[in-house]
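Take a look at the letters that make up each chain.
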Amino acid sequence: MSAETHPDLTKNQALVFGSLSDAGGPLTAYAILDQLRGDGFRAPLQVYRALDKLVEYGMVHRLESLNAFVACAHTGCAAHGAAAFAICENCGDVSEFTPEKAMDLLRTWTEQQGFQLSRTTIELRGTCKGCASNN
């Protein structure tokens, strides 16, 4: 999804989304703030407010283990409420994918437990193919 296809974005949300989209990888809120100072951003709260809405819209994901954010690589993430990431601990590359079989198992478990699942983010940490072949 692009900022242009989401008409409800504020100027700040569009700028934050553009910053993440152009980055090609995860950014912390403070890195986004540094990039957007020239666009009038002065406080971390401005970035966090924009990020909260972008996460809600399914356009951005929060990577808990990195305390960073990444633009969604798939359309419709908000609809399926799940995302998975393979994070290389060597080069920092982040690949987004949708683990359908794993999600089916998790949905079955939550239904059996009566747990009301709102969203799922799976983070796999390890070494990417490129870094593994260099060792």
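Residues numbered from 1 in each chain as written. Predicted model: local features only at pLDDT ≥ 70, side-chain atom pairs only at ≥ 80, totals over all residues. Heavy atoms only, no water.

1. Overview of the overall build of the protein
Just so we agree on the cut-off: Numbering of helices and strands starts at the N terminus; helices are DSSP runs of H or I of at least 4 residues and strands are runs of E of at least 2. Under the scheme applied here, a residue whose accessible area is under 20% of the maximum for its type counts as buried, over 50% as exposed, and between as partly exposed, the area being computed with a 1.4 Å probe on protein chains only. Contacts are residue-level and defined by heavy atoms, with any inter-residue pair within 4.5 Å sufficient. With residues, only the protein chains shown are counted as cover, and all accessible areas are computed by Shrake-Rupley using a 1.4 Å probe.
Each helix and strand counted, the protein has 6 helices and 5 strands in total. Burial status across the protein gives 33% buried among its 135 residues. Partitioning the contacts of the protein with sequence separation of at least 6, the portion at a separation of at least 24 is 51%. Of the accessible surface of the protein, which amounts to about 8,100 Å², a share of 50% is contributed by carbon and sulfur atoms.

2. What about helix H2 (residues 29-36)?
Spelled out, the test is: The directions considered for the arc are those from the helix axis to the C-beta atoms.
Ala-29, Ile-32, Leu-33 and Leu-36 are the residues of H2 that are buried. Axial view of H2: buried residues confined to an arc of 100 degrees, hence all on one face.

3. Let's talk about the pattern of salt bridges
Side chains carrying opposite charge are able to pair once their charged atoms draw close together. As a reminder of what qualifies: Any Lys or Arg side-chain nitrogen found within 4 Å of a carboxyl oxygen on Asp or Glu counts as a salt bridge.
Scanning the entire structure with this criterion turns up 6 salt bridges. The salt bridge partner of Glu-100 is Arg-107, with a shortest N-O separation of 3.9 Å. Of the residues examined, Arg-107 reaches a relative accessible area of 31% and is grouped as partly exposed. Among the salt bridges present, the one from Asp-104 reaches Arg-107, with a minimum N-O distance of 3.3 Å. Pair noted here: Asp-104 and Arg-107 are both in helix H5 (residues 100-113), with a separation of 3 residues, about one helical turn. Taken together, the shared-partner salt bridges in this structure form one network comprising Glu-100, Asp-104 and Arg-107.

4. Considerations on the packing of helix H1 (residues 11-23) against H2
To keep things clear, this is the line we draw: To get an axis, a line is fitted to the C-alpha atoms, and for a helix only the part in contact is used. The angle between two axes follows their N-to-C directions and goes from 0 to 180 degrees. Working rule for angles: under 35 degrees goes down as roughly parallel, over 145 as roughly antiparallel, 65 to 115 as roughly perpendicular, anything else as oblique. Only Asp, Glu, Lys and Arg are considered charged, only Ala, Val, Leu, Ile, Met, Phe, Trp, Tyr, Cys and Pro nonpolar, and every remaining residue, Gly among them, polar.
Two elements in contact, H1 and H2, have axes separated by 10 Å at closest approach and are oriented at 105 degrees. It follows from the interaxial angle that H1 and H2 lie roughly perpendicular. Residues Leu-15, Val-16, Ser-19 and Leu-20 of H1 touch H2, and the partners they reach there are Ile-32, Gln-35 and Leu-36. Across the contact of H1 with H2, the residue classes tally to 5 nonpolar, 2 polar and no charged.

5. Things to note about H5
The test is simple: One less than the number of residues in a helix, times 1.5 Å, gives the span that helix is expected to have.
Between its first and last C-alpha atoms H5 spans 20 Å; for 14 residues at 1.5 Å apiece the expected length is 20 Å, and the two agree. Positive phi appears at Gly-114, one or two residues downstream of H5, with a value of about 75 degrees.

6. Focus: the environment of His-74
Locating His-74 in the fold gives a position in the loop between strand S2 (68-71) and helix H4 (77-80). Its relative accessible area of 27% is what places His-74 among the partly exposed residues. Sequence-wise, His-74 and Met-59 are 15 residues apart; in three dimensions their C-alpha atoms are separated by 8.7 Å.

7. A look at the pairing of S2
As a reminder, the rule being used: For two strands to be treated as a pair, DSSP must find at least two bridges joining them.
Because side chains alternate across S2, one face comprises the buried residues Ala-68 and Val-70, and the other comprises Phe-69 and Ala-71, equally buried. Pairing of strand S1 (residues 60-63) with S2, which is carried by 4 bridges, proceeds in the antiparallel orientation. Across the sheet, residue Leu-63 finds its bridge partner in S2, namely Ala-68. The hairpin turn running from S1 into S2, its antiparallel successor, is 4 residues long, and Asn-67 in that turn takes a positive phi close to 50 degrees.

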